[in-house]
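Spelled out from the first residue to the last, the chains are:
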Amino acid sequence: MQIKKYLLFLMVLGLFLSEITLQLNPILGFLLYAILICGVITSLSHSDTLTSNTKIIISFMILPMIRIVELFLTFDIFWRTFITYFALAFLTVFYTIKFESDVGFSRRKTSWLPITILLGIALGIIGSLILNPEKNRELFYLLPLIAFSEEILFRGLIQKEIKKIYNSLDGILVSSLLCFIFTLSYGLPLALFFLATSLISAFFYNKTSNIWLSISINLFANIFLFAM
Amino acid sequence: MINLAEVKEISPIFLTVTLIVYLMIVELSHEKIRKSLFPAIVVLIAVFLIIASLSVYKQIIR
């Protein structure tokens, strides 16, 4: 049995509302996220096999956990980002192995790599010119970890599983919306920029099934947006 | 038991109760699912431990 499509979008809406609440009132937002994780674990407790549904639900659960880590660790930005994305990388790599998912560590269509790198650079420069975000050079060393873990989660785990159950468009839409929600803490303009980057990255992943192309778009966009 | 006095500060008691609830639900689920959820729970335990320690540390400093 598959999750009904409206339930999938309701889960996205739940995450969105929790994130908005987290921005307005962190304590209430934390409570909502804690309830959301509880709901996810409870719904999983009835299942006895690892189907595509359970894989999607587990992947969804990673997001509130990571948001809690990011918001409530009161270290400086470098260590907070490092711990957050280290936890994300650990979970995504573990679930990639556990689910035996072919997330796309392949050489398929590697000839597209220069295009995706140039596209990432162009997106980063455009974003930097329009949004002019605060530059933080110490984050430069963490950008590969950020790009790697985000793309494995949004493309390799979420988009691929949704594509398997529904269709490519739903996979692209849901994974990009989740990326938008995940980056809302940077403010709406930057979140919209990440939504656009995510949509392009998702499109390339959908066409090529090569995760390196998506990682290169994310990495170069972030480098030119935040570090250069 | 949520400490509303200061934003971003959550009572360690609340974190412990939440974690126990999670552990109980996970323990009641099927073995396959339990094994899958194990690393997520480990990360949650580590995170809650750090948040609770920071909260207690701030209260001692104050």
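By convention here, each chain's residues receive numbers from 1 onward along its written sequence. As a convention, the first chain written is A and the first ligand written is 1, with the rest following in written order. Only residues with pLDDT of at least 70 get local features here, since the model is predicted, and only at 80 or more are side-chain atom pairs given and counted; chain-wide, interface and lining totals rely on the full set of residues.

A. Spotlight on the overall build of chain B. Secondary structure is summarised from DSSP: a helix means a run of H or I of at least four residues, a strand means a run of E of at least two, and numbering begins at the N terminus for each. What chain B contains, in helices and strands, is two helices and zero strands. For the exposure call, what matters is how many other C-beta atoms sit within 10 Å of a residue's own: 20 or more marks it buried, 12 or fewer exposed, and in between partly exposed, using C-beta atoms placed from the backbone. Per-residue burial for chain B yields a buried fraction of 23% across its 62 residues.

B. Representation of the overall build of chain A within the structure. Helices and strands together make up the secondary structure of chain A, namely nine helices and zero strands. For the radius of gyration, the atoms used are the C-alpha atoms, and the globule rule reads 2.2 Å times the number of residues raised to 0.38. Radius of gyration (C-alpha) of chain A: 17 Å, near the 17 Å computed for a compact globule of 228 residues. With respect to the principal axes defined by its C-alpha atoms, chain A has extents near 50 × 40 × 25 Å. Of all 228 residues assigned to chain A, the portion counted as buried reaches 46%. Whether two residues are in contact depends on their C-beta atoms, placed from the backbone: they are in contact if these lie within 7 Å. A separation threshold of at least 6 residues defines the contact pool for chain A, and within that pool the share at least 24 residues apart is 73%.

C. View of the interface of chain A and chain B. If you look at the interface, chain A gives 28 residues, while chain B gives 25 residues. If one sorts the elements of the side of chain A that touches chain B by residue count, helix H2 (residues 26-45) of chain A sits on top with 10 residues. Three categories are distinguished: nonpolar for Ala, Val, Leu, Ile, Met, Phe, Trp, Tyr, Cys and Pro, charged for Asp, Glu, Lys and Arg, and polar for the others, with Gly belonging to the last. Within the side of chain A that touches chain B, the residues separate by chemical class into 20 nonpolar, six polar and two charged.

D. Fine view of the nonpolar core. Counting residues in hydrophobic clusters, the biggest one holds 80 residues, and the most contacted among them are A:Ile37, A:Met61, A:Met65 and A:Leu178. Tallying contributions element by element places helix H3 (residues 52-72) of chain A first for this core, with 12 residues. The residues contacting A:Met61, other than those within four sequence positions of it, are A:Ile37, A:Val40 and B:Ala40. Note on definitions: a nonpolar core is a set of buried residues drawn from Ala, Val, Leu, Ile, Met, Phe, Trp, Tyr and Cys, linked by C-beta atoms within 7 Å.

E. Representation of the packing of helix H6 (residues 143-165) of chain A against helix H7 (residues 168-182) of chain A. All names here are of chain A. Whenever a helix is involved, its axis is fitted only over the stretch in contact; in every case the axis is a line through C-alpha atoms, and angles between N-to-C directions fall within 0 to 180 degrees. With their axes 7 Å apart at the nearest point, H6 and H7 run at an angle of 145° to one another. The interaxial crossing formed by H6 with H7 has right-handed handedness. Seen from H6, the contacting residues are Phe154, Arg155, Ile158, Gln159, Ile162 and Lys163; seen from H7, they are Ser168, Asp170, Gly171, Ile172, Val174, Ser175, Leu178 and Cys179. Residues belonging to the contact of H6 with H7 are distributed by class as follows: seven nonpolar, four polar and three charged. The hand of a helix crossing depends on one turn: near helix anticlockwise from the far one by less than a right angle means left-handed, and clockwise means right-handed.

F. A look at H6(A). Residues and elements named next belong to chain A. Helix span, as expected, comes to 1.5 Å for every residue beyond the first. Counted at 1.5 Å a residue, the expected span for H6 with its 23 residues is 33 Å, and the 32 Å between its end C-alpha atoms agrees. Throughout, bend refers to the angle between the axes fitted to the seven residues that end at a position and the seven residues that start at it. The largest bend in H6 comes to about 30°, at Gln159. Summarising burial for H6: 19 of the 23 residues are buried, a large majority.

G. Focus on helix H5 (residues 113-131) of chain A. Residues and elements named next belong to chain A. The terminal C-alpha atoms of H5 lie 26 Å apart, and with 19 residues this matches the ideal 27 Å at 1.5 Å per residue to within 8%. Turning to H5, its buried residues number three or more, namely Thr116, Leu119, Gly120, Leu123, Gly124 and Gly127. Projected down its long axis, H5 carries its buried residues within an arc of 135°, all on one side. Along H5, exposed side chains directed more than 90 degrees from the buried face belong to Pro114 and Leu129. By definition, the arc is the one covered by directions from the helix axis to the C-beta atoms.

H. Region of interest: the packing of helix H4 (residues 77-98) of chain A against H6(A). Residues and elements named next belong to chain A. Between H4 and H6, whose axes approach to 9 Å, the crossing angle comes to 40°. Taken together, the axis directions place H4 and H6 in an arrangement best described as oblique. In this structure, the crossing between H4 and H6 has a hand that is left-handed. The segment H4 lies against H6, with Tyr85, Leu88, Ala89, Thr92, Tyr95 and Thr96 engaging Leu145, Ile146, Phe148, Ser149, Ile152, Leu153, Gly156 and Leu157. Here the contact of H4 with H6 is composed, by residue class, of 10 nonpolar, four polar and no charged. Every angle not falling under 35 degrees, over 145, or within 65 to 115 is termed oblique; those three ranges are roughly parallel, roughly antiparallel and roughly perpendicular.

I. Structural detail: the confidence of the model for chain B. All names here are of chain B. pLDDT measures how confident the predictor is about each residue, on a scale from 0 to 100. Of all residues in chain B, 84% have pLDDT values of 70 or greater, and the mean over the chain is 77. Taken as a whole, residues 1-7 scores under 50 in pLDDT and shows 13 contacts with residues more than four places along the chain or in a different chain. For this predicted complex, the interface score ipTM comes out at 0.77, while the overall pTM is 0.88.

J. Local environment of the environment of A:Arg155. All names here are of chain A. In this structure, Arg155 sits in helix H6. Of the residues examined, Arg155 has 29 C-beta atoms within 10 Å and is grouped as buried. Not counting residues within four places of it along the chain, the set of residues in contact with Arg155 comprises Lys160, Ser175, Ser201, Ala202, Tyr205, Ile211 and Ser214.

K. Broad picture of unusual backbone geometry. All names here are of chain A. For Glu100, which is not glycine, the phi torsion reads 50° and is therefore positive. Note on placement: Glu100 falls in the loop between H4 and H5. For Glu100, a count of 7 C-beta atoms within 10 Å gives the class exposed. A positive phi angle, near 50°, is found at Lys109, a position not held by glycine. Note on placement: Lys109 falls in the loop between H4 and H5. The class of Lys109 is partly exposed, set by 16 C-beta atoms lying within 10 Å.

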